[in-house]
Amino acid sequence: VPDLDFKAIKADFPKLTNCYEKPAGDCTLVEGTGKHVLLFGDSHAGMMIPTFVALAKQHDLTLSIAIRGGCPWQQDLYVPPLAVSGRLVGGDNCRKAKEDVYDRVIPALHPDIIVVMNLAYETPNQKVQYRAADQKSLKIGSPELNALLDRTTRASVDRLGADARKVVILEPVPYDPANFDSL
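Residues numbered from 1 in each chain as written. Predicted model: local features only at pLDDT ≥ 70, side-chain atom pairs only at ≥ 80, totals over all residues. Heavy atoms only, no water.

(A) Region of the structure containing the overall build of the protein. If you tally the helices and strands in the protein, you get five helices and nine strands. Along the protein, helices (α) and strands (β) appear in the sequence α-β-β-α-α-β-β-β-β-α-β-β-α-β when read from the amino end. By residue count, 43% of the 183 residues in the protein fall in the buried class. Taking the intrachain contacts of the protein between residues at least 6 apart in sequence as the baseline, contacts between residues at least 24 apart amount to 75%. For the protein, the computed accessible surface area is about 9800 Å², with 53% contributed by carbon and sulfur atoms. (Helix = DSSP H or I, 4+ residues; strand = E, 2+ residues; numbered from the N terminus. Buried < 20%, exposed > 50% of the residue type's maximum accessible area, 1.4 Å probe, protein only. Contact = heavy atoms within 4.5 Å. Areas by Shrake-Rupley, 256 points an atom, 1.4 Å probe, with all protein chains shown as cover.)

Shown next as structure tokens:
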């Protein structure tokens, strides 16, 4: 991994757009005449906002964004509350915001394609780890965590893919967990 200027990266980070407690249309950043794409996930998906805005403009797509820091896209999968860039993310705010995306925002926006992404919370040496809906922390690599990831991811993809929607899962952006505190 090259030596990166994390302060510059942090300063250049896009605004994490979502429409929690706002009209669903507030999630839409680009209006086009083609397919409607929803980008959904945590701050790692948020890193993709400029790329998706450019793609939407180039291909006349409608682009909506539902991003919340510290909030994985899978239902019933969470991370503990944590401070990122001086702001508390995750926890109960994630639960409410995620339920809103699944129950209100997606049905209101009717996206054709939902693109999901988040940090690889399950990787070894990760400081922030997935938790079940009951907030129980499970050991990385354990059969219990692997079963939870499989079950929640499959169920979430099935729900997101309802009504003939396409679901695209983006791999997490690699990074050095030792630099997590720099973000």
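(B) Representation of the sheet that holds strand 7 (residues 113–117) within the structure. Pairing is mixed in the open sheet, where five strands are placed in the order 1-3-2-7-9. In the strand order of this sheet, the two ends are held by strand 1 (28–30) and strand 9 (166–169), each with one partner. Strand-to-strand twist across the sheet, computed as the mean angle between neighbouring axes with direction ignored, equals 25°. Sheet analysis places strand 1 next to strand 3 (residues 62–67), joined by two bridges and oriented antiparallel. Within strand 3, the position partnered with Val30 by the bridge is Leu63. (Pairing = 2+ DSSP bridges. Axes fitted to C-alpha atoms, helices over the stretch in contact; angles between N-to-C directions.)

(C) Molecular detail of the layout of surface pockets. Approximately 210 Å³ is the volume found for the second largest pocket. What lines the second largest pocket is a set of 14 residues, among which Gln74, Asn118, Glu122, Tyr130 and Ile169 lie closest to the centre. Residue classes in the lining of the second largest pocket are distributed as nine nonpolar, three polar and two charged. (1 Å grid on protein atoms, 1.4 Å probe; cavity = no way out; pocket = protein on both sides within 12 Å on 5 of 7 lines; lining within 4 Å. Points joined across faces, edges and corners; volume = space filled by probe spheres on them. Nonpolar A, V, L, I, M, F, W, Y, C, P; charged D, E, K, R; others polar.)

(D) Here's a closer look at the side chain of Arg165. Relative to the assigned elements, Arg165 resides in the loop between helix 5 (143–160) and strand 9. Side-chain polar atoms of Arg165 contact the backbone oxygen of Leu160, separated by 2.6 Å. Residues within four places of Arg165 in sequence aside, it is in contact with Ile106, Pro111, Asp112, Ile114, Arg159 and Leu160. (Polar contact = N/O pair within 3.5 Å; in protein donor to acceptor, adjacent residues only side chain to side chain.)

(E) Structural view of the packing of aromatic side chains. According to the stated counting rule, one finds two aromatic pairs in the structure shown. It is Lys98 that lies over the ring of Tyr78; its NZ or CZ is 4.2 Å from the centre. (Phe/Tyr/Trp six-rings, centres within 6.5 Å; stacked < 30°, edge-to-face > 60°. Lys NZ or Arg CZ within 6 Å of the ring centre and 35° of its normal.)

(F) Structural view of the environment of Asp100. Mapped onto the secondary structure, Asp100 falls in helix 4 (residues 91–109). Taking the C-alpha atoms as reference points, Asp100 and Ala66, 34 residues apart in sequence, are found 9.9 Å from one another. Ignoring any residue separated from it by four or fewer positions in sequence, one finds Asp100 in contact with Cys19, Tyr20, Glu21 and Val105.

(G) Geometry of the side chain of Thr152. Looking at where Thr152 falls in the secondary structure, it is placed in helix 5. Given a relative accessible area of 6%, Thr152 falls into the buried group. In this structure the side chain of Thr152 is engaged in a polar contact, spanning 3.4 Å, whose partner is the backbone oxygen of Leu149. If we ignore the near neighbours within four places in the chain, the residues touching Thr152 are Gln74, Gln75, Asp76 and Leu77.

(H) View of the nonpolar core. Membership of the largest hydrophobic core comes to 14 residues, with the highest contact counts inside it found for Val37, Leu39, Ile49, Phe52, Leu63, Ile65 and Ile67. The greatest single-element share of this core, amounting to four residues, is contributed by helix 3 (residues 49–59). Residues within four places of Val37 in sequence aside, it is in contact with Phe52, Leu61, Thr62, Leu63, Ser64, Ile113 and Val115. (Core = buried A, V, L, I, M, F, W, Y, C linked by side-chain atoms within 4.5 Å.)

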